[in-house]
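The primary structure of each chain is shown beneath.
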Amino acid sequence: MTWSEMQPLLSQASWDTLYMVGWSTLIAIVGGLPLGVLLVLTDRGGLLQNVVANKVIGQVVNIARSLPFIILMVALMSFTRLITGTTIGRDAAIVPLAIGAIPFFARLVETAVREVDHGLVEAVQAMGGNTWTIVRKVLVPEALPSLISSATTTVVALIGYSAMAGTVGAGGLGDIAIRYGYQRFETGLMWVTVAVLAVVIALIQFAGDAGARALHRRGGRGGPAPRLRLLKAKEPDTATATDAAGIRRTA
Amino acid sequence: MITTSGLTKIYRSGGREVTAIDGVDLHVREGEVFGVIGQSGAGKSSLIRCVNLLERPTSGTVTVDGQDLTALAGRGPRASKALRQARSRIGMVFQHFNLLSSRTVQENVELPLEILGRSGRERSAKALELLDLVGLADKAKAYPAQLSGGQKQRVGIARALAGDPKVLLSDEATSALDPETTRSILQLLRDLNRQLGLTVLLITHEMDVVKTVCDSAALMERGRVVESGTVGELLATPGSQLAAALFPVGGDPSGPAGTVLDITFHGESTGRPVISQLARNYNVDVSILGAAVDTVGGAQIGRMRIELPGRYEDNVVPVGFLREQGLQVELVDPDEEAVDPDEEAVVNAKAVVNAKEVTK
Ligand SMILES: Nc1ncnc2c1ncn2[C@@H]1O[C@H](COP(=O)(O)OP(=O)(O)OP(=O)(O)O)[C@@H](O)[C@H]1O
Ligand SMILES: [Mg+2]
């Protein structure tokens, strides 16, 4: 297959992936953010402590998260038809993608919001703020760098899931890799697809990290952004490497 | 201004009960700086958090500016509207500042005003005025992460004042700061107290803080207030642990044979040559073991530790003479101080104060 043959396929597939991932990310954020915040608020000692609600939400989230995406997609068929009127194509794929990503993102939100210093909550309570004020002015803004990292992770995971959406005829990059690379032995096209996916994921990760880090630098609290921490953890390795180099040189 | 009566707080967690506050009656008068001191775990934070009902007391009442807060519905996060309004009239500053890192200094100070529903223009005018008051007008656009600890606490104080409170609560506001910064923050609190007529209830574990800014003080031990009063009253109370810690005199006796006395001079008695009169009139050899004159709570006060030869029974007449002169005289038992566990707090506090004296 020549490049001029691949090019239209690739651009259509990229657009399909972007479309599915974009919409499902949006829905995942709109649904997962309140759910994650609610998980923190209803927990024991939380502002809206409600052990029963917390258990129920937690269980639903856990079950939805543990289902393999392909099964979720099949299980949700009738629901998908109810919403989009069809069970095949890009729009139909968005429904299971979004529903799979909501609990995924909600758990990440929960972790991020839990890390907000309780002293800040207390300070706003002492000013006479109510729970809604605390959510809007403390929990979400203070967790924002972590929330951006969480959203990035969700987008990357959704790109992975969307490869399976090809099975319902939704197209996308994953789909052409399977259809052409696996079923028709078009290895060239497959590798190009892999490269495009890798570049897209790297760009998204880079943008997300840069955003989170920019906010972190402004806030500067609670240490460096996750990426930086990763680099820090690797530091001893480089140190031993240079040490080894030093020893070799002196030897 | 702040009155608690029979205030009790019992924490229940996992079947265990901790009585953090045990029947505390506290009275903070309008316009004064009141210090609560005590060891870690004495219940100081629990007490101050009960004052604005961040913690709902198990029993007892809290009255602030004539309003019984304990009668208002809601606890902690689920506070009723009335309780939240009452809270907005009580400022609070925290040990770890608790500033929002996502907001600039000015936006942090504006937060209480946002909660009160003030307009944008009013908020920024008020915030800038307060930042000017605490000496941080040039940092309005900075983020908290770019400030030093002392500057952060100034922002915390400005924020606490945004709702024009009559009462300021401060839980160890200077404990995370170095001595120099501590002094400047205390000075600021004192100035605000004078300029705005602000009533300040502050918690601390440093005697120096009480000494520098407080009009009155209370000592807490295991959830109870064991001593309280104005600094003057405390110093005039024989055997007061707070007085001894506020104004310690050192000096070891030369031997076991003598009688060691701590003498406190107040007001006009500070100027009289009492000791030389004592030596002359009774023909005793007075050894001065330690002495200091200081200003505590705005009043001149002197303390002296002296040793007279012979046992206490032999010195009844000279001691009587000193008391006649209007001095406060206490017998120092050299063994007692080290043994009595109740005195531990004071000994520790003394150690802190003494250590400060040495480093100066
Ligand atoms: N939320 C809580 N749950 C259970 N026990 C608590 C809670 N808060 C405080 N306590 C207990 O109450 C007692 C008093 O605590 P408090 O924090 O009031 O002491 P403190 O005098 O402020 O001490 P420090 O000087 O260390 O701040 C302690 O024994 C503490 O363990
Ligand atoms: Mg405390």
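Source: prediction; values computed, not measured.

## Regarding the overall build of chain A
A tally of regular secondary structure across chain A gives 10 helices and 0 strands. Going from the N terminus to the C terminus, chain A shows its helices and strands as α-α-α-α-α-α-α-α-α-α. For chain A, long-range pairs separated by at least 24 residues make up 70% of all intrachain contacts whose partners lie at least 6 apart in sequence. If you sum the accessible surface of chain A, you get close to 13,100 Å²; carbon and sulfur atoms cover 67% of it.

## A short note on a nonpolar patch on the surface
All names here are of chain A. Where nonpolar side chains cluster on the molecular surface, the patch consists of Ile-63, Leu-67, Ile-70, Ile-71 and Met-164 and spans about 400 Å² of accessible area. Relative to the helices and strands, Ile-63 is located in helix α2 (residues 51–66). Relative accessible area serves as the criterion here: at 51%, Ile-63 is assigned to the exposed category.

## Structural notes on the pattern of salt bridges
Overall, the coordinates contain 20 salt bridges over all chains when judged by the stated rule. The closest approach of N and O atoms between Arg-123 of chain B and Glu-110 of chain B, which form a salt bridge, is 3.4 Å. Taken together, the residues span a long stretch of sequence, with Arg-123 of chain B in helix α4 (residues 120–133) and Glu-110 of chain B in helix α3 (residues 105–115) at a distance of 13 residues. Here Glu-110 of chain B falls in the buried class, since its relative accessible area comes to 9%. Salt bridges sharing partners connect three or more residues here, namely Asp-43, Arg-107, Glu-110 and Arg-114 of chain A.

## Details of the site of ligand 1
Residue and element names in this part refer to chain B. Lining the immediate surroundings of ligand 1 are Tyr-11, Val-18, Ala-20, Gln-39, Ser-40, Gly-41, Ala-42, Gly-43, Lys-44, Ser-45, Ser-46 and Glu-172. When ligand 1 sits alone it has 640 Å² of accessible area, and the protein chains cover 60% of it. Breaking the shell around ligand 1 down by element, the ones donating at least two residues are β2 (16–28) and α1 (44–51). Considering each element in turn, the shell around ligand 1 owes the most residues, 3 residues, to α1.

## Looking at helix α10 (residues 274–282) of chain B
Residues and elements named next belong to chain B. Those residues of α10 that sit buried are Val-274, Ile-275 and Leu-278. Projected onto a plane normal to the axis of α10, the buried residues spread over an arc of 100° and lie on a single side. Immediately beyond the C-terminal end of α10, within one or two residues, lies Asn-283, with a positive phi of roughly 55°.

## Thoughts on the UniProt feature "domain: ABC transmembrane type-1" (unreviewed entry) in chain A
The UniProt record marks residues 14–208 of chain A with the feature "domain: ABC transmembrane type-1" (unreviewed entry), using the residue numbering of this structure. Along residues 14–208 of chain A the backbone is 82% helical and 0% strand, and the end-to-end C-alpha distance reaches 20 Å.

## Observations concerning the UniProt feature "transmembrane region" (unreviewed entry) in chain A
Residues and elements named next belong to chain A. The feature "transmembrane region" (unreviewed entry), as given by UniProt, occupies residues 20–41, 62–80, 92–109, 146–168 and 188–208 in the numbering adopted here. For residues 62–80, the helix share is 84%, the strand share is 0%, and the end-to-end C-alpha distance is 21 Å. The span residues 188–208 is 100% helical and 0% strand by assignment, and the distance between its end C-alpha atoms comes to 30 Å.

## Some points on the side chain of Thr-70 of chain B
Residues and elements named next belong to chain B. For Thr-70, the position within the fold is in the loop between β5 (67–68) and α2 (81–88). Looking at Thr-70, its side chain comes within polar contact range of the side chain of Asp-68, at 2.5 Å. Once residues within four sequence positions are removed from consideration, Thr-70 is found in contact with Leu-53, Arg-56, Pro-57, Gly-60, Thr-61 and Val-62.

## Considerations on the side chain of Arg-159 of chain B
Mapped onto the elements of the fold, Arg-159 of chain B is located in helix α5 (residues 149–161). Despite its burial, Arg-159 of chain B remains without a salt bridge, the nearest opposite charge being carried by Glu-142 of chain A at 8.7 Å. Ignoring sequence-local partners within four residues, the contact set of Arg-159 of chain B consists of Ala-123 and Met-127 of chain A together with Phe-94, Phe-97, Asn-98, Leu-99, Asn-108, Val-109 and Pro-112 of chain B.

## Some remarks on the interface of chain B and chain A
In this complex, chain B contributes 25 residues to the contact, which on the side of chain A involves 25 residues. Summed over the shared surface of chain B and chain A, the number is 2 salt bridges. The shortest N-O distance in the salt bridge between Lys-137 of chain A and Glu-114 of chain B comes to 2.5 Å. Run the count over chain B and chain A and you get 5 residue pairs in polar contact (both at pLDDT 80 or more). Counting residues per element, the ones that place at least two in the side of chain B that touches chain A are α2, β6 (90–93) and α3 of chain B. Of all the elements, α3 of chain B adds the most residues to the side of chain B that touches chain A, at 4 residues. Classifying every residue of the side of chain B that touches chain A by side-chain character gives 12 nonpolar, 6 polar and 7 charged.

## Points about empty space enclosed by the protein
For the structure shown, the criterion picks out 3 cavities of 30 Å³ or more. Contributing to the lining of the largest cavity are 15 residues, with Met-127 of chain A together with Ile-90, Gly-91, Arg-159 and Ala-160 of chain B lying nearest its centre. Of all the secondary-structure elements, those providing two or more residues to the lining of the largest cavity are α6 (118–126) of chain A together with α2, β6 and α5 of chain B. Of the residues belonging to the lining of the largest cavity, the class tally is 9 nonpolar, 4 polar and 2 charged.

The rules behind these values
Note that residues are indexed from 1 along each chain, following the sequence as it is written. All chains are assigned letters beginning with A, and all ligands numbers beginning with 1, in the order in which they are written. This being a predicted model, a pLDDT of at least 70 is required before a residue's local features are given, and a value of 80 or more before pairs of side-chain atoms are given or counted; all residues contribute to the totals for chains, interfaces and linings. With hydrogens and water excluded, all non-hydrogen atoms of the structure serve as input to the side-chain values. Each helix is a run of H or I in the DSSP string that is no shorter than four residues. Each strand is a run of E no shorter than two, and both are numbered from the N terminus. By definition in these notes, contact holds between two residues if any of their heavy atoms fall within 4.5 Å. All accessible-area figures derive from a Shrake-Rupley calculation using a 1.4 Å probe, and residue coverage is judged against the displayed protein chains alone. Residues enter a patch when their relative accessible area is above 30% and they make no salt bridge; the linking distance is 9 Å between like charges and 5 Å between nonpolar side chains (Val, Leu, Ile, Met, Phe, Trp, Tyr). The term salt bridge refers to a side-chain nitrogen of Lys or Arg lying within 4 Å of a carboxyl oxygen of Asp or Glu. Between buried and exposed lies partly exposed: a residue is buried under 20% and exposed over 50% of the maximum accessible area for its type, with that area taken using a 1.4 Å probe on protein chains only. Proximity is defined per residue: if any heavy atom of the residue lies within 4 Å of a molecule or strand, that residue is considered near it. Directions are taken from the helix axis to each C-beta atom, and the arc is the one they span. UniProt positions are given in the numbering used here, feature names are shortened, and annotations may be inferred rather than shown by experiment. N or O atoms closer than or at 3.5 Å make up a polar contact, with two conditions inside protein: a donor-capable atom paired with an acceptor-capable one, and, for residues adjacent in sequence, both atoms drawn from side chains. Asp and Glu count as negative and Lys and Arg as positive, but His and the ends of the chain are not part of the count. Polar here means any residue outside two lists: the nonpolar Ala, Val, Leu, Ile, Met, Phe, Trp, Tyr, Cys and Pro, and the charged Asp, Glu, Lys and Arg; Gly therefore counts as polar. Note on definitions: the grid is 1 Å and covers protein atoms alone; a cavity is a set of points where a 1.4 Å probe fits but cannot get out; a pocket is an open set with protein on both sides within 12 Å along at least five of seven lines; lining residues have an atom within 4 Å of a point. Grid points are joined across faces, edges and corners, and a volume is the space filled by probe spheres set on the points.

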